[in-house]
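# Survey of secondary and tertiary structure
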2 protein chains.
Amino acid sequence: MRKVYEYPKSRAAFERACKIIPSGIYGHQGPAEGCYVPVEAFPLYSSKAQGSYLWDLDGNKFIDYMCAYGPNVLGYNDPDVDEAAAKQRRISDCTTLPNPVMIDFADLLVETVACADWAFFAKNGNDVTTCAVMTARAYTHRKKIVFFKGYYHGISPWTQKIDYAGVLEEDVANNIYVTWNDFDELQEAFEQNKGEIAAVIAQPYMHGNFADNELPKEGFWKKVRKLCDDTGTVLIIDDVRAGFRLDMAGSDHYFGFKADLICFCKALANGYNVSALCGRDFLKSSVSSLSYTGSYWMSAVPFAAGIACINKMKKLGCPKLLIEKGTKLKNGLVTTALKYGYDLHVSGVPSLFYLRIADDPTLMLHQEWIAECVKRGVFFTNHHNHFINASLSDKDIAETLEVADEAFKVVRERHS
Amino acid sequence: MRKVYEYPKSRAAFERACKIIPSGIYGHQGPAEGCYVPVEAFPLYSSKAQGSYLWDLDGNKFIDYMCAYGPNVLGYNDPDVDEAAAKQRRISDCTTLPNPVMIDFADLLVETVACADWAFFAKNGNDVTTCAVMTARAYTHRKKIVFFKGYYHGISPWTQKIDYAGVLEEDVANNIYVTWNDFDELQEAFEQNKGEIAAVIAQPYMHGNFADNELPKEGFWKKVRKLCDDTGTVLIIDDVRAGFRLDMAGSDHYFGFKADLICFCKALANGYNVSALCGRDFLKSSVSSLSYTGSYWMSAVPFAAGIACINKMKKLGCPKLLIEKGTKLKNGLVTTALKYGYDLHVSGVPSLFYLRIADDPTLMLHQEWIAECVKRGVFFTNHHNHFINASLSDKDIAETLEVADEAFKVVRERHS
């Protein structure tokens, strides 16, 4: 049996943090959001990271399947990306005038992403989803935006829920919410809001939290694309989370359609801080018409990192490679679960798989199993999809399956 | 006479950029926004940067008084900040769990900034101004926000103007605009919106574009502070632009009052991508109540850079040092202008001085003079404040005055 981890140093650091940082750690990287349940099973701070691995403050080593919630696509501290970034840093980073590496990065995205005639850069996924919505409103002179229930498009007030703290009814007054994969309902929403819908914004498939991830139904995207075309509505794909883990040409391309605007962030530069909005020619002057910029949006180092990251993903054969690794892991996990009589549901594309033990609708059993994995060095989480990175080895997958096996065994014995 | 710069390579790069980036270069770093007038006088791309200097693609060297619009506070590529950042990068940057350097940075800000009982980190100034406004609304359960005309608080829809592209009336429905330095008008706005005002948001003094910058009138801030206290209104200081160039303890401290929330970005980490919201204890749990995070917000490298930047600013005696350098430059410029019979107005705090030749209300003369300075290697701009960095030397200031002299001479001869 493996050593079961404990986290006294992480706990001490968290206590210290809580005094001077709201929530100690905020967002889904912290314990408040409910991905780390039971919280005692999880380390809260890392001391270092390399490739697929993360070490916590107590010296415990983890195979990390959260990948910084996406940015780690090649492996932490990838030498090629880091070298390109360091080289650019010696020249310049955040200066009064942009470095032409910005144009090179735009060039590469236009060459890589199927729907991209141009690229616009910012810092957060939220910056580019907001830019996309404003662009659609500027272009159509309409107000309303259609969302699919279960969506996440960032943290600006317009994309939050009315019952969330600090959000006003005015912020979300022009939002229309429809059921994912229900084309009839979408069509009805268009009927009821004729000539008023500026955009449909959607993730390429429903990879929300606290629910099995749902791929698009056969023909769904084709019908949505046609409806948008017929009504002059802008189709925005939020590829912040899934981008480059389904298809280098964009997740719209993976599902056989063409977005008007597509939003990238996470996997774009292996963790260097940059996001991008790409889109079709007819919307370019609408983007230009916006008043939209930021202090660090033309920093050169993340552009150099992004170029190195995209080129290396291509060279390695990502995202096919990531999907293969994820499929191997998924199959192994399902088989291991069955060995102990558990029905493990794995949903979503395997490069960003979502896990749920289906035997217990309260999810308590699932949480117990996840906890036993984490405490033995496999960093899964409960109610969020996971991420595969290119440095994950067959040995890592084999070790993960050993840990999963031991964790299932512990849970089965506890409940027998 | 000095060589007059030309920019063929910058122009070629811009042409290339225009094909694949909306506006070629967007925001105030690009020619579309009107700071670079006449645009022919300005280079548009940089090839490298070091200390106070920027080189363009054509090999022309500039003393750069825009400092990346603020982030360059110690000098480009500051060795101490870069070393601290590189050291952290070898350990980890953007990972699943934060590195405790995040807590160290929060600690340092709480120790440094007078009104800070806690710190919250993000990527853009806009992230933290938005967080501040949402926090005020969550805390007060009120909707309205008071702005001072001439403000800039970022690019989220709530802080834009109703006639800007992509902005809806709903976005700005709860905004109240009053005249800077007019306490009676502010008081009247409070009377007319009794019990409805969540926050007053303001820069520490009016450092808007296209107008002389205006310091607060004697007693103004004290009265505003009292009005907020009496009405339970949150007082937000947007110190994104001025932060650490007036006072290490915050620009509210410089003007003798205490903000409830204060927003930092630009000078926080010498160009490494990080922003911070700091504030008083009574608002900490309201920040925690928000759903507010981002992919890169816990990246460790910018935190390490921020710690090194703040410690070095303190060691060098910033911002006193920056104000002294700015004062020396300002006095020299005014004297040089007088020599040619021009009345150069220099407004704002000298560490972020604003220039205007007052002899011509159309500002054409001013633009001509700025153009002649830029073409001789002094990077000023027309309708935006400038920034002093700590690496600016006496020799740089002397050379700036020589260029300014020659530029005044050229303009005077042209108009005589």
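Residues numbered from 1 in each chain as written. Chains lettered and ligands numbered in written order. Predicted model: local features only at pLDDT ≥ 70, side-chain atom pairs only at ≥ 80, totals over all residues.

### Some thoughts on the overall build of chain A
- When its secondary structure is counted, chain A shows twelve helices and 13 strands.
- In terms of C-alpha radius of gyration, chain A reaches 22 Å, essentially the compact-globule figure of 22 Å for 416 residues.
- Once the C-alpha set of chain A is aligned to its principal axes, its extents read approximately 60 × 55 × 45 Å.
- Burial status across chain A gives 61% buried among its 416 residues.
- Contacts spanning at least 24 positions in sequence make up 75% of the contacts within chain A whose residues lie at least 6 apart. (Helix = DSSP H or I, 4+ residues; strand = E, 2+ residues; numbered from the N terminus. Rg over C-alpha atoms; globule rule 2.2 N^0.38 Å. Buried ≥ 20, exposed ≤ 12 C-beta atoms within 10 Å, placed from the backbone. Contact = placed C-beta atoms within 7 Å.)

### With respect to the interface of chain B and chain A
- Between chain B and chain A, the residue contacts involve 88 residues of the former and 88 residues of the latter.
- Breaking the side of chain B that touches chain A down by element, the ones donating at least two residues are helix H1 (8-20), strand E1 (46-50), strand E2 (53-56), helix H3 (101-112), strand E4 (118-122), helix H4 (125-140) and helix H8 (284-289) of chain B.
- Top contributing element to the side of chain B that touches chain A by residue count: H4 of chain B, with eight residues.
- Residue composition of the side of chain B that touches chain A, grouped by class: 47 nonpolar, 28 polar and 13 charged. (Nonpolar A, V, L, I, M, F, W, Y, C, P; charged D, E, K, R; others polar.)

### Notes on helix H10 (residues 320-339) of chain B
Residues and elements named next belong to chain B.
- Spanning 20 residues, H10 covers 29 Å between terminal C-alpha atoms, matching the ideal 28 Å at 1.5 Å per step.
- All of the buried residues along H10 are Leu322, Ile323, Lys325, Gly326, Leu329, Lys330, Leu333, Thr336 and Ala337. Buried positions in H10, seen along its axis, are confined to an arc of 160° and lie on one side of it.
- Packing partners of the buried residues in H10 comprise strand E11 (344-347) and helix H12 (394-414).
- A positive backbone phi angle near 80° is found at Gly341, which sits one or two residues after H10. (Expected span 1.5 Å × (residues − 1). Arc of directions from axis to C-beta.)

### Quick word on the domain arrangement of chain A
Residues and elements named next belong to chain A.
- Entries for chain A in the domain assignment read domain 1 (8-73 + 319-414) and domain 2 (79-316).
- Centre-to-centre separation of domain 1 and domain 2, based on C-alpha positions: 27 Å.
- Residue-level contacts link 20 residues of domain 1 with 18 residues of domain 2.
- At the level of elements, helix H10 (320-339), strand E11 (344-347) and strand E12 (354-357) are the ones that each hand at least two residues to the side of domain 1 that touches domain 2.
- When the residues that make up the side of domain 1 that touches domain 2 are grouped by side-chain class, the tally is ten nonpolar, nine polar and one charged. (Domains from an automatic or database assignment.)

### Looking at the relation of the copies chain B and chain A
- Taken as rigid bodies, chain B and chain A are interconverted by a rotation of 180° and an axial shift of 0.0 Å, the fit giving an RMSD of 0.0 Å. Such a combination of turn and shift is consistent with a two-fold rotation axis. For chain B, the minimum C-alpha distance to the rotation axis belongs to Glu170 of chain B and amounts to 2.7 Å.
- Looking at chain B, 100% of its interface residues are interface residues in chain A too, so the copies touch through the same face. (Least-squares fit on C-alpha atoms with pLDDT ≥ 70 in both.)

### Notes on the pairing of E11 of chain A
Residues and elements named next belong to chain A.
- A one-sided burial pattern is seen for E11, the buried positions being Leu344 and Val346 and the unburied ones His345 and Ser347.
- Bridge count between E11 and E12: four bridges; the pairing is antiparallel. The residue bridging Ser347 from the neighbouring strand is Tyr354, located in E12. (Pairing = 2+ DSSP bridges.)

### Quick notes on the pairing of strand E5 (residues 144-148) of chain B
Residue and element names in this part refer to chain B.
- For E5, the buried fraction is high: four of the five residues fall into the buried class.
- Summarising the sheet, E5 and strand E6 (residues 175-178) pair through four bridges and their orientation is parallel. When the sheet's bridge partners are listed, Val146 is paired in E6 with Ile176.

### Focus: the sheet that holds strand E2 (residues 53-56) of chain A
All names here are of chain A.
- Pairing within the open sheet is mixed, and its four strands lie in the order E1-E2-E3-E13. Every other strand in the sheet has two partners, leaving strand E1 (46-50) and strand E13 (378-379) as the edge strands with one partner each.
- As defined by bridge partners, E2 adjoins strand E3 (residues 61-64) across three bridges and the pair is classed as antiparallel. Within E3, the residue paired with Leu54 across the bridge is Phe62.

### Examining the packing of helix H2 (residues 79-91) of chain B against helix H9 (residues 300-316) of chain B
Residues and elements named next belong to chain B.
- H9 packs onto H2 with a crossing angle of 150° between their chain directions and a minimal axis gap of 8 Å. Judged by the inter-axis angle, H2 sits roughly antiparallel to H9. In terms of crossing hand, the pair formed by H2 and H9 is right-handed. Mapping the contact onto sequence places Asp80, Val81, Ala84, Ala85, Lys87, Gln88 and Arg89 in H2 and Ala300, Val301, Ala304, Ala305, Ile307, Ala308, Cys309 and Lys312 in H9.
- Across the contact of H2 with H9, the residue classes break down as ten nonpolar, one polar and four charged. (Axes fitted to C-alpha atoms, helices over the stretch in contact; angles between N-to-C directions. Parallel < 35°, antiparallel > 145°, perpendicular 65-115°, else oblique. Left-handed = near helix turned anticlockwise from the far one by under 90°.)

### Focus on the sheet that holds strand E4 (residues 118-122) of chain A
All names here are of chain A.
- Taken in spatial order, the seven strands line up as E4-E10-E9-E8-E7-E5-E6 in an open sheet, and their pairing is mixed. Edge strands, defined here as strands with exactly one partner in the open sheet, are E4 and strand E6 (175-178). Going across the sheet, the axis of each strand differs from the next one's by a mean of 20°, ignoring polarity.
- Bridge analysis of E4 against strand E10 (residues 275-279) gives five bridges, and the strand direction is antiparallel.

### A few points about the environment of Asp78 of chain B
Residue and element names in this part refer to chain B.
- Summarising the element assignment, Asp78 is placed in the loop between strand E3 (61-64) and H2.
- Overall, Asp78 belongs to the buried group, with 24 C-beta atoms counted inside 10 Å.
- The spacing of Asp78 and Gln50 is 28 residues in sequence and 8.1 Å in space, taken between C-alpha atoms.

### Notes on the environment of Lys314 of chain A
- Mapped onto the fold, Lys314 of chain A is located in helix H9 (residues 300-316).
- Sequence-wise, Lys314 of chain A and Thr112 of chain A are 202 residues apart; in three dimensions their C-alpha atoms are separated by 9.4 Å.

### A closer look at the packing of helix H11 (residues 364-374) of chain B against H12 of chain B
All names here are of chain B.
- Interaxial distance between H11 and H12 falls to 8 Å at its minimum, and their mutual angle equals 130°. By the criterion of interaxial angle, the relationship of H11 to H12 is oblique. At the point where H11 passes H12, the crossing takes the right-handed sense. Contacts between H11 and H12 involve Leu365, Glu368, Trp369, Glu372 and Cys373 from the first element and Val403, Ala404, Ala407, Phe408, Val410 and Val411 from the second.

### A closer look at the confidence of the model for chain A
- Per-residue confidence for chain A gives a mean pLDDT of 97, with 100% of residues at or over 70.
- The ipTM assigned to the predicted complex is 0.98, against a pTM of 0.98. (pLDDT = per-residue confidence, 0-100.)

### Remarks on unusual backbone geometry
- In the segment running from Cys318 of chain A into Pro319 of chain A, the intervening peptide bond is cis, with an omega of 0°.
- Relative to the helices and strands, Pro319 of chain A is located in the loop between H9 and H10.
- Here the residue pair Val37 of chain B and Pro38 of chain B is connected by a cis peptide bond, since its omega of -10° sits within 30 degrees of zero.
- Assignment of secondary structure puts Pro38 of chain B in the loop between H1 and E1.
- A positive phi is found at Ala68 of chain A, a non-glycine position, where the angle reads about 60°.
- Examined against the element boundaries, Ala68 of chain A turns out to sit in the loop between E3 and helix H2 (79-91).
- Backbone geometry places Asn181 of chain B, a non-glycine residue, at a positive phi of 75°.
- Structurally, the position occupied by Asn181 of chain B is in the loop between E6 and helix H5 (183-192).

### Looking at the nonpolar core
- Ala119, Ile236 and Ala276 of chain A together with Ala119, Ile236 and Ala276 of chain B are the most contacted members of the largest nonpolar core, which totals 292 residues.
- Those residues in contact with Ala119 of chain B that sit more than four places away from it in its chain are Ile20 and Ile21 of chain A together with Ala106, Leu109, Val110, Ala276 and Cys278 of chain B. (Core = buried A, V, L, I, M, F, W, Y, C linked by C-beta atoms within 7 Å.)

### Some thoughts on H11 of chain B
All names here are of chain B.
- Of all eleven residues that make up H11, eight are buried, and the element is covered over most of its length.
- Looking only at H11, the buried set comprises His366, Glu368, Trp369, Ile370, Ala371, Glu372, Cys373 and Val374.
- Where the residues of H11 are buried, they touch strand E12 (354-357), strand E13 (378-379) and H12.

### Some remarks on the environment of Pro100 of chain B
- Along the chain, Pro100 of chain B turns up in the loop between H2 and H3.
- Pro100 of chain B gets classed as buried once you count the C-beta atoms within 10 Å, which come to 22.
- Pro100 of chain B sits 203 residues away from Phe303 of chain B along the chain, and the two C-alpha atoms are 9.6 Å apart.
- Not counting residues within four places of it along the chain, the set of residues in contact with Pro100 of chain B comprises Ala13, Tyr45 and Leu57 of chain A.

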